[in-house]
Amino acid sequence: MKLVVQVKLLPTPEQAAALEATLRAANDAATWVAALAHTQRVFRNYDLRKHVYGQVKDRYGLAAQAAQHVIKKVADAYATLHANLRNGHLGRPGSAWRERVQARPIVFRPGAAQPFDDRCLSWQLNARTVSIWTTGGRMKGVAFTASADQLTMLAAHRKGESDLLYRDGMWFLVATCDLPDVPVGAPDGFTGVDLGIANIATTATSTGDGVRHSGKTLNAVRHRHRELRRRLQTKQTKSAKRLLKRRRRAEARFAADLNHTIAKRIVTEAARTGRGIALENLQGIRDRVRLRKPQRVTLHTWSFHQLGHFIAYKAARAGVALVWVDPAYTSQACSACGHVDKKNRPGQARFACTSCGFAEHADVNAARNIAARGVTSWAVSHAA
Ligand SMILES: [Zn+2]
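Residues numbered from 1 in each chain as written. Predicted model: local features only at pLDDT ≥ 70, side-chain atom pairs only at ≥ 80, totals over all residues. Heavy atoms only, no water.

Chemist: Quick question: what am I supposed to make of the coordination of the zinc ion here?
Modeler: For a metal with four donors in a tetrahedral arrangement, the ideal angle between donors is 109.5 degrees, while six donors in an octahedron ideally sit at 90 or 180 degrees. Protein coordination at the zinc ion: the donors are C334 (SG), C337 (SG), C353 (SG) and C356 (SG), at 2.3 Å from the metal. For the zinc ion, the four donor atoms in the first shell make angles of 106 to 113 degrees at the metal, a pattern classed as tetrahedral. Binding-site remark: the zinc ion is held by donors from one chain whose sequence spacing is C-x2-C-x15-C-x2-C. Here C334 is found in the loop between β12 (322-325) and β13 (350-352), whereas its partner C356 is found in the loop between β13 and β14 (359-361), with 22 residues between them in sequence. (Donors = N, O, S within 2.8 Å, 3.2 Å for Na, K, Ca; no water. Tetrahedral: all angles 85-135°; square planar, octahedral: opposite > 155°, others 65-115°. Helix = DSSP H or I, 4+ residues; strand = E, 2+ residues; numbered from the N terminus.)

Chemist: Before we go on, may I ask you to explain a positive patch on the surface in this structure?
Modeler: On the surface, R224, K238, K241, R242, R246 and R247 cluster together into a patch of positive charge. Tallying contributions element by element places helix α7 (residues 238-273) first for the positive patch, with five residues. On the secondary structure map, R242 appears in helix α7. (Patch = residues over 30% accessible without salt bridge, like charges linked within 9 Å, V, L, I, M, F, W, Y side chains within 5 Å. Areas by Shrake-Rupley, 256 points an atom, 1.4 Å probe, with all protein chains shown as cover. Salt bridge = Lys/Arg side-chain N within 4 Å of Asp/Glu carboxyl O. Lys, Arg positive; Asp, Glu negative; His and termini not counted. Charge placed at Lys NZ, Arg CZ, Asp CG, Glu CD.)

Chemist: Mind showing me how you'd approach the packing of aromatic side chains here?
Modeler: Any two aromatic rings considered together are summarised by their centre-to-centre distance and by the angle between their planes. The final tally for this structure, using the stated rule, is seven aromatic pairs. Arranged with centres 4.8 Å apart and planes meeting at 55 degrees, the rings of F43 and Y78 form a pair that is tilted. Here Y78 lies in helix α3 (residues 64-86) and F43 lies in the loop between α1 (13-40) and α2 (45-60), a separation of 35 residues in the sequence. Their ring planes at 50 degrees and their centres at 4.7 Å tell us that Y166 and W171 sit as a pair that is tilted. Here Y166 falls in the partly exposed class, since its relative accessible area comes to 36%. When the ring centre of F172 is taken as origin, the NZ or CZ atom of R167, which lies over that ring, is 4.9 Å away. (Phe/Tyr/Trp six-rings, centres within 6.5 Å; stacked < 30°, edge-to-face > 60°. Buried < 20%, exposed > 50% of the residue type's maximum accessible area, 1.4 Å probe, protein only. Lys NZ or Arg CZ within 6 Å of the ring centre and 35° of its normal.)

Chemist: Please clarify how the nonpolar core should be interpreted in this entry.
Modeler: Nonpolar side chains in soluble globular proteins tend to end up buried together. In this structure, L9, V56, L62, W123 and L164 are the most contacted members of the largest nonpolar core, which totals 56 residues. No other element matches α1, which puts twelve residues into this core. Grouped together as the second largest cluster of nonpolar side chains are 20 residues, L195, L258, L279 and A315 included. (Core = buried A, V, L, I, M, F, W, Y, C linked by side-chain atoms within 4.5 Å.)

Chemist: Hey, could you run me through empty space enclosed by the protein in this one?
Modeler: Any empty space left between the atoms is revealed when a probe the size of a water molecule rolls over them. Counted according to the given criterion, the structure contains two cavities of 30 Å³ or more. Considering only enclosed or pocket space, the second largest cavity measures out at about 50 Å³ in volume. Tallied by class, residues from the lining of the second largest cavity come to seven nonpolar, three polar and no charged. (1 Å grid on protein atoms, 1.4 Å probe; cavity = no way out; pocket = protein on both sides within 12 Å on 5 of 7 lines; lining within 4 Å. Points joined across faces, edges and corners; volume = space filled by probe spheres on them. Nonpolar A, V, L, I, M, F, W, Y, C, P; charged D, E, K, R; others polar.)

Chemist: Looking at this structure, I do not really get the environment of E14. What am I missing?
Modeler: Along the chain, E14 turns up in helix α1. Judged by relative accessible area, E14 falls into the exposed class, the value being 60%. In this structure, the C-alpha to C-alpha distance between E14 and R158, residues 144 residues apart in sequence, is 28 Å.

Chemist: Explain the sheet that holds strand β8 (residues 190-195) here, please?
Modeler: Through backbone hydrogen bonds, the strands of a sheet pair up, either in parallel or in antiparallel fashion. Taken together, five strands build an open sheet; the order of strands is β10-β9-β8-β11-β12 and the sheet is mixed. Edge strands, defined here as strands with exactly one partner in the open sheet, are β10 (211-214) and β12. In this sheet, adjacent strand axes meet at a mean angle of 20 degrees when their direction is disregarded. Sheet topology note: the β8/strand β9 (residues 199-204) ladder contains four bridges and is antiparallel. (Pairing = 2+ DSSP bridges. Axes fitted to C-alpha atoms, helices over the stretch in contact; angles between N-to-C directions.)

Chemist: I tried to follow the layout of surface pockets on my own but got confused; where do I start?
Modeler: Each pocket or cavity is described by its volume, and for the largest pocket that value is around 1,300 Å³. Around the largest pocket, the lining comprises 31 residues; the ones closest to its centre are V4, H260, F310, Y313 and K314. The set of elements that each furnish at least two residues to the lining of the largest pocket consists of β1 (2-10), α5 (148-157), β7 (170-178), α7 and α9 (297-318). Class assignment for the residues of the lining of the largest pocket results in 14 nonpolar, seven polar and ten charged.

Chemist: I keep staring at the pairing of β10 and nothing clicks. Help me out?
Modeler: Moving residue by residue along a regular strand, the side chains alternate between the two faces of the sheet. Pairing between β9 and β10: four bridges, direction antiparallel. Residue pairing for β10: T203 is matched across the bridge by V211.

Chemist: Is there a simple way to think about α7 in this case?
Modeler: Turn by turn, an α-helix covers 3.6 residues, leaving residues three or four places apart pointing in a common direction. Between its first and last C-alpha atoms α7 spans 53 Å; for 36 residues at 1.5 Å apiece the expected length is 52 Å, and the two agree. Of all the residues in α7, the buried ones are A240, L244, E251, A255, A256, L258, N259, I262, A263, I266, V267 and A270. (Expected span 1.5 Å × (residues − 1).)

Chemist: Mind showing me how you'd approach the environment of G94 here?
Modeler: If you trace the backbone, G94 turns up in the loop between α3 and α4 (96-103). Expressed as a C-alpha distance, the spacing of G94 and N45, which sit 49 residues apart in the sequence, is 28 Å.

Here it is, written out as structure tokens:
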């Protein structure tokens, strides 16, 4: 499995200037190539390289590898864009949004990520420095900070390209690590994970009591930011826009930290008890959330996907069995007798079975159903 390690660079002012010039040159070149690709309708890496390779090197002062990475970056960006258009993620054919996206070439920010391979970037882990190619020549001894865990991970598993990027006034390297697969043992039962808004995640075995991971702090942060956004959006000044952007990022970071913590707790507990983890199939989550509050869909879908992703990769690293289950009716079905009825939900947080009288917190009842489906799904797929 692949995962990324992000380290913060601590360049001297001279080093920072060289990094900035390099990243700017690479992204200016990428924007230029993207414009050319757009007008000439040439999008494949191989074809683009034939057209622009020499010019990218000469006009932007890029070395051979850097020029190739720039061209590949443009080809990849268009491949992603075209896939999104094909899958209808950028509006229906004929919609204003889609037309606008199609009419314009891709533009790269001056600080956008640029890949560096082992020929352009080397790591001195003991000294916590990197040596990196810049438009001003090879630059040695650029310091970075990393935790002990990150250093161990980099030393053992770093492989291939790392991305250099500039964000919020800071320099980062994002390294890819390739970890060997951990064998997954046969689970001793399953923990079901119900994802929600009031409770970000609720876990329970098919007959257990359940643990709720509250979304209170996150929802409070979101609410505060929403209020601030409302006030700032009426002002169209540059500083208001900048503040908005910073706020959005702070909110995303906060949500990501919380998702990491919750995912870690869930996976650690599953590993300790020898259980597998059952997660709702993500498409189902999107459909279900859409039915509730349309205006919240984007934010929560994104956050659910992230939490699901964190749990999945932490489970894979720990050798914990993971199954995705169909979430249909998990909130209306009784986890004690199986009776399905809308009336089983007298309130948002309450579940009370109209048939057998079983009563529980609604999210715990849903998590129990998901756990039971995990058991069935594992048994079916491992019967042979
Ligand atoms: Zn019942």
